Amino acid sequence: MSISIKTAEDIEGMRIAGRLGSEVLDYITPFVKAGVTTGELDRLCHEYMTNVQGTIPAPLNYSPPGYTPYPKAICTSVNDVICHGIPGDKVLKSGDSVNLDITVIKDGYHGDNSRMFLIGEPSIMTKRLSEITYECMWLGIAQVKPGAHLGDIGHAIQQHAEKAGYSVVREFCGHGIGKVFHEEPQVLHYGKPGTLDELQPGMIFTIEPMINAGKREIREMGDGWTIKTKDRSLSAQWEHMILVTETGYEVLTLSAGSPPPPAFITNAAK
């Protein structure tokens with residue numbers, strides 16, 4: 001499968017979609033607190049996308065081969081849920097962590113990103129897992145430039161996670177994205193430097209490491225979507241959408257409320 005190189009027009013469309021995807025997360029942030037249900041967060045995001053932004057929630061009724069159509073507008077993955085948690089009656093309580101994964105479609109282009117939210121008074125362990133996972137994502141992003149390889153991204157993420165005593169989920173990964181939600185390449189969050197596809201300007205893909213506090217093994221729930229850690233340990237995930245530029249990378253999913261990059265990224269850029 002070949003990896004699509006985006007045109008200038010595509011890139012502009014993806015910039016807009018990426019910013020809008022990030023702005024949904026900005027909008028929902030004040031509502032993510034103890035006492036709210038994941039279903040209410042989904043309803044609020046859905047209304048904001050359709051009524052305010054004029055975007056389409058990409059996950060709603062999304063059905064890749066072998067899956068039933070996804071029933072909601074966003075994914076809400078709480079505590080030991082790794083990914084694809086379906087919003088519903090679950091009430092968030094103090095100490096919980098939740099990943100909100102948002103993908104919007106604007107003028108045919110997809111903007112895909114996710115953030116972790118820590119509810120009330122999270123434990124030191126919960127905070128640390130979220131922080132290390134955030135650093136993993138940015139260490140992966142920092143590898144992106146023409147001539148680098150996908151394996152460089154995975155290696156940087158895996159090293160940082162495992163050094164902290166955590167494990168990297170293998171069954172799910174980042175992906176190419178454009179007018180299609182999921183396309184080539186697959187962006188693994190583990191690997192060896194200098195391996196896999198070489199990066200070229202105009203490629204757009206997500207980097208979205210899923211990091212477990214315990215072992216990396218997963219279990220699938222009966223709804224056919226929700227993925228949990230097999231050992232019931234906590235899991236965290238952060239996601240940005242990245243463009244390979246002529247000289248490095250551009251993060252397409254940034255908005256006014258985006259958390260700042262870690263200091264080691266900002267310092268390296270000086």
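Only a predicted model underlies this, so the values are computations on that prediction, with no experimental measurement involved.

(A) Just the side chain of His189, in detail. Relative to the assigned elements, His189 resides in the loop between β8 (183-187) and β9 (204-207). A polar contact is formed between the side chain of His189 and the backbone nitrogen of Glu208, at a distance of 3.0 Å. Setting aside residues up to four positions removed in sequence, His189 forms contacts with Gly154, Ile157, Gln158, Val168, Phe172, Cys173, Gly174, Ile207, Glu208, Pro209 and Met210.

(B) Expanded view of unusual backbone geometry. The peptide bond linking Glu184 to Pro185 adopts the cis configuration, its omega dihedral lying at 0 degrees. Of note in the backbone geometry, Arg232 takes a positive phi value of approximately 65 degrees without being a glycine. Relative to the elements of secondary structure, Arg232 occurs in the loop between β12 (227-229) and β13 (235-237). Judged by its relative accessible area of 58%, Arg232 is exposed.

(C) Representation of the sheet that holds strand β11 (residues 218-220) in the model. The strand order across the open sheet built from 3 strands is β3-β12-β11, with neighbouring strands paired in antiparallel fashion. Edge positions in the open sheet fall to β3 (81-83) and β11, since each of these has one partner strand only. Recorded for the sheet is a direction-independent mean angle of 40 degrees between the axes of neighbouring strands. As paired elements, β3 and β12 share 2 bridges and run antiparallel to each other. Opposite Cys83, over in β12, you have Ile227 as the bridge partner.

(D) Focus on helix α3 (residues 124-142). For α3, built from 19 residues, the straight-helix expectation of 27 Å at 1.5 Å per residue is met to within 8% by its first-to-last C-alpha distance of 27 Å. Within α3, burial applies to Thr126, Leu129, Ser130, Ile132, Thr133, Tyr134, Cys136, Met137, Trp138, Gly140 and Ile141.

(E) View of the environment of Gly174. Note that Gly174 resides in strand β7 (residues 174-176). Look at Gly174 and you get buried, because its relative accessible area is 0%. As for Gly174 and Ser63, which are separated by 111 residues in sequence, their C-alpha atoms are 18 Å apart. When near neighbours in sequence (up to four residues on either side) are disregarded, Gly174 contacts Pro185, Gln186, Val187, His189, Thr206 and Glu208.

(F) Highlighting the side chain of Asp10. If you trace the backbone, Asp10 turns up in helix α1 (residues 8-28). Buried and unpaired, Asp10 has no salt bridge, with Lys179 as the nearest side chain of opposite charge at 4.8 Å. Of note is the side chain of Asp10, whose polar atom sits 2.8 Å from the side chain of Tyr109.

(G) Structural context of the UniProt feature "binding site: a divalent metal cation 2" (unreviewed entry) in the protein chain. Here the UniProt feature "binding site: a divalent metal cation 2" (unreviewed entry) sits at Asp112, His175, Glu208 and Glu239. Of the residues just listed, which span 128 residues, no C-alpha pair is farther apart than 11.0 Å, and they cluster in one region. With respect to the secondary-structure elements, Asp112 resides in strand β5 (residues 109-118). Under the relative-accessibility criterion, Asp112 is labelled buried at 3%. Setting aside anything within four residues of it in sequence, one finds Asp112 in contact with Asp101, Ile102, Thr103, His175, Ile177, Phe181, Thr206, Glu208, Glu239, His240, Met241 and Thr253. Polar contacts involving the side chain of Asp112 include one to the side chain of Thr103, which spans 2.9 Å. By the element assignment, Glu239 lies in the loop between β13 and β14 (240-244).

Parameters at a glance
- Sequence order as written defines the numbering, with residues in each chain counted from 1.
- Local features are withheld for residues below a pLDDT of 70 in this predicted model, meaning they are given only at 70 or higher, and side-chain atom pairs are given and counted only at 80 or more; totals for whole chains, interfaces and linings count all residues.
- Each side-chain value is derived from all of the structure's non-hydrogen atoms; neither hydrogens nor water enter the calculation.
- Helix numbering and strand numbering both begin at the N terminus, where a helix is a DSSP run of H or I of at least 4 residues and a strand a DSSP run of E of at least 2.
- Any pair of nitrogen or oxygen atoms within 3.5 Å is treated as a polar contact; in protein, a donor-acceptor pairing is required on top of that, and neighbouring residues in sequence qualify only through side-chain atoms on both sides.
- Two residues form a contact once any of their heavy atoms are found within 4.5 Å.
- Here the term buried applies to any residue with accessible area under 20% of the maximum for its type, exposed to any over 50%, and partly exposed to those in between, with areas from a 1.4 Å probe on protein chains only.
- Any two strands are treated as partners once DSSP identifies two or more bridges connecting them.
- Axis lines are fitted through C-alpha atoms, for helices just across the contact stretch, and the angle between N-to-C directions can take any value from 0 to 180 degrees.
- The span one expects for a helix is its residue count, reduced by one, times 1.5 Å.
- We score Asp and Glu as negative and Lys and Arg as positive, and we do not count His or the chain ends.
- By salt bridge we mean one thing: a side-chain nitrogen of Lys or Arg within 4 Å of a carboxyl oxygen of Asp or Glu.
- UniProt positions are given in the numbering used here, feature names are shortened, and annotations may be inferred rather than shown by experiment.

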